[in-house]
Amino acid sequence: MSYRIDHSVPQLVPPKILLLDWHATLVDSLDAMYLAIDDLLPQFEALGLLNRLAPEELSKTPDDRKLVRFVRIFRRLHPKIRAERRVSRTDIFDALFGPDLEAISIAHKAFNKCYRDHYGAVAPFEEGMRERLQFLRKLGIKLGVPTNRSREFLGHEMRSLEGGSWIDLFDTTVCGDEVNHHKPAPDVLLKSIANLKATPGPDVWYLGDSRTDTIAAKEAGITSIFYNGAMWEWDWIERIFPRTQQHPHKPDAVVDDLDSLLDLIQKIDGPERAEIWAERPERAPARRKPPARIEPDWHPAVVELTAPIFLLFDWHATLVDTLDAMYHAVDDMLPELDTLGLAERLVDPSQSKTVEDAKLVEHVRDYHQLHPKIKADRKISRTDIFEVLFGADEEAKQIAHAAFNRHYRNHYGAVYPFEPGVKDMLIGLRALGLKLGVLTNRDREFFQHELAAVEGTGWADLFDTTVCGDDTALRKPHADPILKALENLHFLPGPEIWYIGDSTTDTIAAKKAGVTSVFFNGAQWDQKWLDKIFPGTERHPHKPDVVVNDFGELWALTLACRAARPRIGWSI
């Protein structure tokens, strides 16, 4: 038995109707769903959805806040979501757009266009699921499928699933394109109940795997059974259903699988169906939890650092988000490679650090534009792009930076804190008596405008020094800008100077300058990719001293290093 009942609700009533969600409850179509989401998110700007992302303060959970922030900045799913494969597209859209039903509708329609390129492969979510559905029918329970999926896709998947043998299991099916609003609105549930000539009530159960399924069931006035197919830990389930005034909905019971659902129904069922229960199918083997995501091993918990006296921050993609303008300017600049005399100065791909770097060089050489995957991932800075393209050719990089600046002038202006609370963190660091600075390859013309514009009032008074790309003869990855910042404040290089940046060029510059390199992993690279971009080889020896995934980790690391000298490890 693996179910839990919310004992704060009245006694459960055995179901006369059981409605079941389709994706990630009855069937597994996760591959196609995530591929379609991958295709959809880069289109958010063109669809007018970026400006309709829900304010982070309205997010139900910290995970929702991280998702909204990550999609706003990178136009893709957080790697943790992709690795765990536990969250449905309906929950994704609910987290991204909150109560904006029009935005959710636009997202679903655009998703359907993308899903058309991937759907087809579908399998039962559990072993023996068809047999258990047949048994539920034997108990006299009517079955229905209300889904956000469009009829085009549901029909195809039902016909292809186990030779089409599932079609006759259900008394009704209702799809998202047959009602006015998708879940979490209750429309598909109410239409399913009406099709069965019934009325909403406690004897109608809805089994679904997502938070939006629970909300829809409660809004419809029926019993909500949360299907924990993703095998979430119980504290996570309690966290996403807090039952607060803002988020009041909570399932009436939680089951881990269909066997648990049968356990629950049998427990509350009367004696009149005892003979049928004697024919209950044997229990299926227990399912295994999905593998945990591997975190980078340059984690703050396993490093030994000297407490800082001066923290020097990168600007773009570390403290602030200016990715849109940056990528637009690179797009405008690359078609000019021939005119600028740079096409013949691209590095030999065989000399590239990684296979991905070689592919970038080849793509730019052949097409004079960035590879679409780089723009979709939104993980690499223009400085890193120019390092990959031109290697040690300083003159070529200077020409490229000058051309970039000319085009950036047409796009720059919009600047946002990379995370909420960045300003508060900077104020907190200053309150500790630490010196702060900004170091950027951006020219001062642009940086001064952005520094004054961020959050409306600007951050100029938060920093003791700033160094821009045109303040030194050589830009990052050379040490010159860091050394210039130290000179401005009369500091010498050493481990008590921390440079926090998001790119490989930031790490290289820090190590060449002889200061502590803190890699800001805002793009949430995984262990495999970090090992690839920081191989620690003779040719590419530079590696960060520590990796932090957000400013909360940086703050905790700073406090821990100040609390004990020396101190090995720390904890959030």
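What counts as what
Residues numbered from 1 in each chain as written. Predicted model: local features only at pLDDT ≥ 70, side-chain atom pairs only at ≥ 80, totals over all residues. Heavy atoms only, no water. Helix = DSSP H or I, 4+ residues; strand = E, 2+ residues; numbered from the N terminus. Rg over C-alpha atoms; globule rule 2.2 N^0.38 Å. Buried < 20%, exposed > 50% of the residue type's maximum accessible area, 1.4 Å probe, protein only. Contact = heavy atoms within 4.5 Å. Pairing = 2+ DSSP bridges. Phe/Tyr/Trp six-rings, centres within 6.5 Å; stacked < 30°, edge-to-face > 60°. Axes fitted to C-alpha atoms, helices over the stretch in contact; angles between N-to-C directions. Salt bridge = Lys/Arg side-chain N within 4 Å of Asp/Glu carboxyl O. pLDDT = per-residue confidence, 0-100. Lys, Arg positive; Asp, Glu negative; His and termini not counted.

**A short note on the overall build of the protein chain**
Thinking step 1. For the protein chain, the count of helices and strands is 25 helices and 17 strands.
Thinking step 2. Here the C-alpha atoms of the protein chain give a radius of gyration of 27 Å, agreeing with the 25 Å that 2.2 N^0.38 yields for 572 residues.
Thinking step 3. Per-residue burial over the protein chain gives 56% buried out of 572 residues.
Thinking step 4. By sequence separation, contacts in the protein chain at least 24 residues apart represent 77% of the contacts at least 6 residues apart.

**Some words on the pairing of strand 2 (residues 17–20)**
Thinking step 1. Covered by surrounding structure in strand 2 are Ile 17 and Leu 19 together with Leu 18 and Leu 20, the residues of both alternating faces.
Thinking step 2. Taken together, the 3 bridges between strand 2 and strand 5 (residues 142–146) define a ladder with parallel strand orientation. Note on strand 5: the bridge partner recorded for Leu 19 is Gly 144.
Thinking step 3. Where strand 2 meets strand 7 (residues 204–208), 4 bridges bridge the pair, whose relative direction is parallel. Note on strand 7: the bridge partner recorded for Leu 19 is Tyr 206.

**Things to note about the packing of aromatic side chains**
Thinking step 1. Tallied over the full model, the rule gives 25 aromatic pairs.
Thinking step 2. Ring centres 5.8 Å apart and planes at 70° place the aromatic pair Phe 125 and Tyr 227 in the edge-to-face group. Note that Phe 125 is positioned in the loop between strand 4 (123–124) and helix 7 (129–138) and Tyr 227 in strand 8 (residues 223–227), a separation of 102 residues in sequence.
Thinking step 3. For Phe 125, a relative accessible area of 18% translates into the label buried.
Thinking step 4. Geometrically, the ring pair formed by Tyr 408 and Tyr 412 is stacked, given 5.7 Å between the ring centres and 20° between the ring planes.
Thinking step 5. Judged by relative accessible area, which is 0%, Tyr 408 ranks as buried.
Thinking step 6. A relative accessible area of 23% places Tyr 412 in the partly exposed class.

**Concerning unusual backbone geometry**
Thinking step 1. Residue Pro 184 is reached from Lys 183 by a cis peptide bond, and omega for that bond is 25°.
Thinking step 2. Within the element layout of this structure, Pro 184 appears in the loop between strand 6 (172–174) and helix 9 (187–195).
Thinking step 3. Residue Pro 477 is bonded to the preceding Lys 476 through a cis peptide linkage, with omega at 15°.
Thinking step 4. Turning to its location among the elements, Pro 477 is positioned in the loop between strand 14 (465–467) and helix 22 (480–488).

**Here we look at the sheet that holds strand 13 (residues 435–439)**
Thinking step 1. Here 6 strands make up an open sheet; going across it, the order is 14-13-10-15-16-17 and the pairing parallel. Strand pairing shows two members of the sheet lacking a second neighbour, strand 14 and strand 17 (546–548), which therefore form its edges. Geometrically, the sheet is characterised by an average inter-axis angle of 25° between neighbouring strands, direction not taken into account.
Thinking step 2. Running over the sheet, helix 23 (residues 504–513) touches strand 10 (310–314), strand 15 (497–501) and strand 16 (516–520) and is turned about 170° from strand 16.

**Here we look at the pattern of salt bridges**
Thinking step 1. Going through the model one piece at a time under the given rule, you end up with 37 salt bridges.
Thinking step 2. A salt bridge links Asp 263 to Arg 280, with the shortest nitrogen-to-oxygen separation between them at 2.7 Å. Pair noted here: Asp 263 is in helix 12 (residues 258–268) and Arg 280 is in the loop between helix 13 (274–277) and strand 10, with a separation of 17 residues, a long-range link. Like Arg 280, Asp 263 is buried.
Thinking step 3. For Asp 314, the salt bridge identified is with Lys 476, shortest N-O distance 3.0 Å. Here Lys 476 lies in the loop between strand 14 and helix 22 and Asp 314 lies in strand 10, a separation of 162 residues in the sequence.

**Focus: the environment of Phe 135**
Thinking step 1. Examined against the element boundaries, Phe 135 turns out to sit in helix 7.
Thinking step 2. Residue Phe 135 is classed as buried on the basis of its relative accessible area of 3%.
Thinking step 3. Sequence separation between Phe 135 and Ala 560 is 425 residues, and the spatial gap between their C-alpha atoms is 58 Å.
Thinking step 4. For Phe 135, the residues in contact, after removing those within four places along its chain, are Leu 262, Ile 276, Trp 277, Glu 279, Arg 280 and Pro 281.

**Regarding the confidence of the model for the protein chain**
Predicted coordinates in regions of low pLDDT should not be interpreted in detail.
Thinking step 1. The predicted model of the protein chain has a mean per-residue pLDDT of 90, with 95% of residues at 70 or higher.
Thinking step 2. A low-confidence stretch, residues 566–572 stays under pLDDT 50, and its non-local contacts, those more than four residues away or across chains, total 17 contacts.

**Details of the side chain of Asp 91**
Thinking step 1. By secondary structure assignment, the location of Asp 91 is in helix 5 (residues 89–97).
Thinking step 2. There is no salt bridge for the buried Asp 91, and the closest opposite charge comes from Arg 211, which lies 4.7 Å off by N-O distance.
Thinking step 3. Ignoring any residue separated from it by four or fewer positions in sequence, one finds Asp 91 in contact with Ser 210, Arg 211 and Thr 212.

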